[in-house]
Every structure is written in structure tokens, then in C-alpha cells.
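# Geometric and topological summary
One letter stands for each residue in the lines below.
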Amino acid sequence: EAWICYPAKVGGLLMFIYFHKRYMSLGTSLSNLLEMAEADEIEGQKPAAILLFGVDPDVLGNDQTVYYEDKDNGIVVGVIGRSERVDYFGYLKKMALTLHNLIQIERGNLPIHGAMAHVVLRDGHGANVVLMGDSGAGKSESLEALRILADEHLRDLTVVFDDMGSLQFREGRVVGVGTEIGAFVRLDDLQPGYAYAEVERSIFMNPHKTNARIVIPITPYGKVVAGWPVDVFLYANNYERVTRREPYLQFFTDVDEALGVCSQGARMSKGTTSEEGLVYTYFANPFGAPQKQERHHELAHQYLKTMMAQGVKVGQLRTQLGIKGFEVAGPELAAKALLATIRGQCE
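Residues numbered from 1 in each chain as written. Predicted model: local features only at pLDDT ≥ 70, side-chain atom pairs only at ≥ 80, totals over all residues. Heavy atoms only, no water.

### Section: the overall build of the protein chain
When you go through the protein chain residue by residue, the secondary structure sums to 11 helices and 20 strands. Its C-alpha atoms give the protein chain a radius of gyration of 20 Å, near enough to 20 Å, the size a compact globule of 347 residues would have. Based on the C-alpha atoms only, the size of the protein chain along its principal axes is roughly 60 × 45 × 40 Å. Taking all 347 residues of the protein chain together, the buried fraction comes to 54%. When contacts within the protein chain are restricted to residue pairs at least 6 apart in sequence, those whose partners lie at least 24 apart make up 73%. For the protein chain, the exposed surface amounts to about 16,000 Å²; the carbon and sulfur share of it is 49%. When the 34 positive and 43 negative side-chain charges of the protein chain are each reduced to one mean point, those points stand 4 Å apart. (Helix = DSSP H or I, 4+ residues; strand = E, 2+ residues; numbered from the N terminus. Rg over C-alpha atoms; globule rule 2.2 N^0.38 Å. Buried < 20%, exposed > 50% of the residue type's maximum accessible area, 1.4 Å probe, protein only. Contact = heavy atoms within 4.5 Å. Areas by Shrake-Rupley, 256 points an atom, 1.4 Å probe, with all protein chains shown as cover. Lys, Arg positive; Asp, Glu negative; His and termini not counted. Charge placed at Lys NZ, Arg CZ, Asp CG, Glu CD.)

So, in C-alpha cells, the structure goes:
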């Protein structure tokens, strides 16, 4: 009587997310973020992961957030204790994505904390762009700035993933696969003129508070998991000023150099969390990558090497989002440089 299950499709994985009735509003909000599995996809099927959100804290003891890999049964289990501290949608989302990433690494796929978009120009050409980066790096802002250029340059922009996805091998090509059908974003980060149809379907959380957020639908599930061949792979650098020697777009010719920048995961904190100044997160991804760093590093080298060998443009995009005075202009100028690259990729 106290627990409800949301059977979610997190990317291509089936995950049973159980939440305590205390967190009813958070659990039901998953419907805007993760595709719900159909009855025939659940019955008699073993999930890849099980998440228990809101377990009696006395059962867990000192560590209120844990996961366990049951390799004998092929299931990963995540558990979060019941408390006031976790009464926030981000905890539910992040734990689900962490379990997803742990499984992907075991399967030989590379989790990516970032955004991916399928961009189609008015002349019919297009490119699939991955922008990797931690929160506040400017990945979503640069793609949104690119979308605003639509009237003049773009025919369509499909968001494959807005926060988390994975790189996978399909028929020898590196493709990007998303996890979520929606996004959990700050109200302040929505650009003016955002599509009313999408906002109307959104779930608003704490609209009266500073960190007000919404869970907003973005892309149909079929497109999220379709597997889009990667044409451009960029690290979102928000902390370096653009100069002649350090342009908006810098492409790597050496795999180790690319791996070094991505592994360092540097970004300038925007001050939306407790972090301040220049901070570092392994591969800009605290959700699963550090926990399996050795295996993850091998996979990262393999995927970067393959992409560069196959002609994928691998580099970094200086968004300048973390530099005072460039919060708006930085992503806009970065988007113009990215557009020029997409055109060159198509020629």
C-alpha cells in the first residue's frame, strides 16, 4: 500500500522505479521525463535495473544512497533513503541515470553527459552534433541559440538527448542514443518564445523559488533511441576566453589530446550549486563514470579513436558561458561557429 512502481524505458533499458507514496508528486512526474513501458514490455520481463526511492532510513544506516550490481542475476539495484533532503526530483532522475550508465559501461557503451541534436539545414544537408559537458557548461544554451537561428538557416533541429545519452557501435559506426523523452530544466534557462505547446504539457516545480524548474517533454521515444550516427563531437568549454590562438571551435588531431580534455572535465561553476570557481569532474559525468573509471577510460579511448579515424570532427566548443559578461553572447557566437562547422561537414 505504500509503494508504487513506474516501469520506465531509460534509453533502451527497462527499469522498474519504485517510489514511496510520500514522493507521489515526484514519481508521477517521471511521465514527462522517461517513457513508460507498455504492458507487454513488462509482463514476464526481467528489468535491467530496479530503483527504490524512499526506503526506511533506519534500514540503510549511515549510507543513504547505495547501488549494488547483482551480476549473477544481471540486475543493478539502486536505493535511496527516505528523508527531507531527497524530496527533490533531481535525486530521482540522477539515480536512474547513474544505474543506466553503470549498465552501459558493462555492455561496452560509453555514457555521455551532454546534449545531442540532429540538425537539418534549409538546403537539405544536415549533421548530428554531440556537445559533451557538465551542468552549466553551455551545451543546452548553445543548441538553443542554434535553434533561434532557425528562421534564417535551419529547417529542423531534433534533440536526441538534452542531458544524458550514450555512444554505441552499430554496424561499425559510432551512434548516439538518448535516455529521456523530456528535460528537467530551470525556468530561468528557457529562452523567450519557447514553444507554448511544450510549455503547456510541462510539470512545474517550486515556481515561487529561486531554483524553479519544469519537467518538459521534448522528443518522441522512437527518435531518442533510434541511434544517430555522430558527425561532430565537441567538449563544451565554458571557462576559456576566445582569442586568435583559442578560437570558438578547436579540433583535435591527436586522440590523447582529446581524451585529456574530456577526462579533465573542467568547467567554471555558474553558482547554481554549492560549487564555485573552476571545478573538475571526470569526463564531466559524475553519474557512473567515476565509479567505473578504469573501464570507462578504455571505452572513451576506443570511441574517440574510432570517431577520429572515421572522419568525425572531434574538438571543443568555447561557449564562454562561465565568463562574466558572456552569459548570452558566448553561446550565441559559439552557435554561429558551430553552424559554420555543420555547413563544412556537409560539403
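### Things to note about the environment of phenylalanine 326
Mapped onto the elements of the fold, phenylalanine 326 is located in the loop between β20 (313–318) and α11 (329–346). Taking C-alpha positions, phenylalanine 326 is 9.4 Å from arginine 241, a pair spaced 85 residues apart along the chain. For phenylalanine 326, the contacting residues outside a window of four places in its chain are Arg241, Thr319, Gln320, Leu321 and Pro331.

### Observations regarding the packing of aromatic side chains
Tallied over the entire structure, the rule returns 6 aromatic pairs. A network of ring pairs unites the aromatic residues Tyr88, Phe89, Tyr91 and Phe184 as a single cluster. A cation over an aromatic ring shows up here: lysine 313 above the ring of phenylalanine 251, its NZ or CZ 5.5 Å from the ring centre. (Phe/Tyr/Trp six-rings, centres within 6.5 Å; stacked < 30°, edge-to-face > 60°. Lys NZ or Arg CZ within 6 Å of the ring centre and 35° of its normal.)

### Digging into the pattern of salt bridges
Summed over all chains, the structure comprises 9 salt bridges. Between glutamate 84 and arginine 22 there is a salt bridge whose closest N-O contact spans 3.1 Å. In this pair, glutamate 84 is assigned in the loop between β6 (75–81) and α4 (89–106) and arginine 22 in the loop between β2 (13–20) and α1 (24–28), connecting sequence segments 62 residues apart. Classification of arginine 22 by relative accessible area gives partly exposed; the value is 37%. A salt bridge links glutamate 106 to lysine 292; its shortest N-O distance comes to 2.8 Å. Residue glutamate 106 is located in helix α4, and its partner lysine 292 is located in the loop between β19 (278–280) and α10 (293–309); the two are separated by 186 residues in the primary sequence. Residue glutamate 106 is classed as partly exposed on the basis of its relative accessible area of 44%. Through salt bridges that share partners, Glu69, Glu106 and Lys292 make up one connected network. (Salt bridge = Lys/Arg side-chain N within 4 Å of Asp/Glu carboxyl O.)

### Describing unusual backbone geometry
Residues other than glycine seldom take positive phi values, yet glutamate 171 does so here, at roughly 55 degrees. Along the polypeptide, glutamate 171 turns up in the loop between β10 (164–170) and β11 (173–178). Residue glutamate 171 is classed as exposed on the basis of its relative accessible area of 85%. Phi at glutamine 320 takes a positive value of approximately 60 degrees, unusual for a residue other than glycine.

### Some remarks on the sheet that holds β2
Taken in spatial order, the 6 strands line up as β3-β1-β2-β4-β6-β5 in an open sheet, and their pairing is mixed. Lying at the two open borders of the sheet, with one neighbouring strand each, are β3 (35–36) and β5 (65–70). Strand direction decides the pairing type here: β2 and strand β4 (residues 49–55), joined by 5 bridges, are parallel. Bridging from a neighbouring strand, phenylalanine 16 pairs with isoleucine 50 of β4. (Pairing = 2+ DSSP bridges.)

### Structural notes on the side chain of glutamate 180
Residue position: glutamate 180 is located in the loop between β11 and β12 (182–186). In this structure glutamate 180 comes out as buried when scored by relative accessible area, which is 5%. Side-chain polar atoms of glutamate 180 contact the side chain of lysine 93, separated by 2.6 Å. (Polar contact = N/O pair within 3.5 Å; in protein donor to acceptor, adjacent residues only side chain to side chain.)

### Description of helix α9 (residues 255–264)
The set of residues buried in α9 consists of Val255, Ala258, Leu259, Val261, Cys262 and Ser263. As for α9, its buried residues are in contact with β8 (126–132), β16 (232–237), α10 and β20. You can read the cap of α9 off the contacts: a side-chain oxygen lies 3.1 Å from the backbone nitrogen of aspartate 256, and it is on aspartate 254.

### So, α4
Helix length check: α4, at 18 residues, gives a terminal C-alpha distance of 27 Å against a target of 26 Å (1.5 Å per residue), a fit within 8%. After α4 finishes, the residue glycine 108 shows a positive phi value of roughly 85 degrees. (Expected span 1.5 Å × (residues − 1).)

### Regarding the packing of α9 against α10
Packing of α9 against α10 brings their axes to within 10 Å, and their N-to-C directions diverge by 130 degrees. Comparing their axes, α10 and α9 come out oblique. Between α9 and α10 the crossing geometry is right-handed. Side by side, α9 and α10 meet where Val255, Asp256, Ala258, Leu259 and Ser263 of the first sit next to His297, Ala300, His301, Leu304, Lys305 and Met308 of the second. Taken together, the residues that form the contact of α9 with α10 break down as 6 nonpolar, 3 polar and 2 charged. (Axes fitted to C-alpha atoms, helices over the stretch in contact; angles between N-to-C directions. Parallel < 35°, antiparallel > 145°, perpendicular 65-115°, else oblique. Left-handed = near helix turned anticlockwise from the far one by under 90°. Nonpolar A, V, L, I, M, F, W, Y, C, P; charged D, E, K, R; others polar.)

Don't take any of this as a statement about function, it's just geometry.
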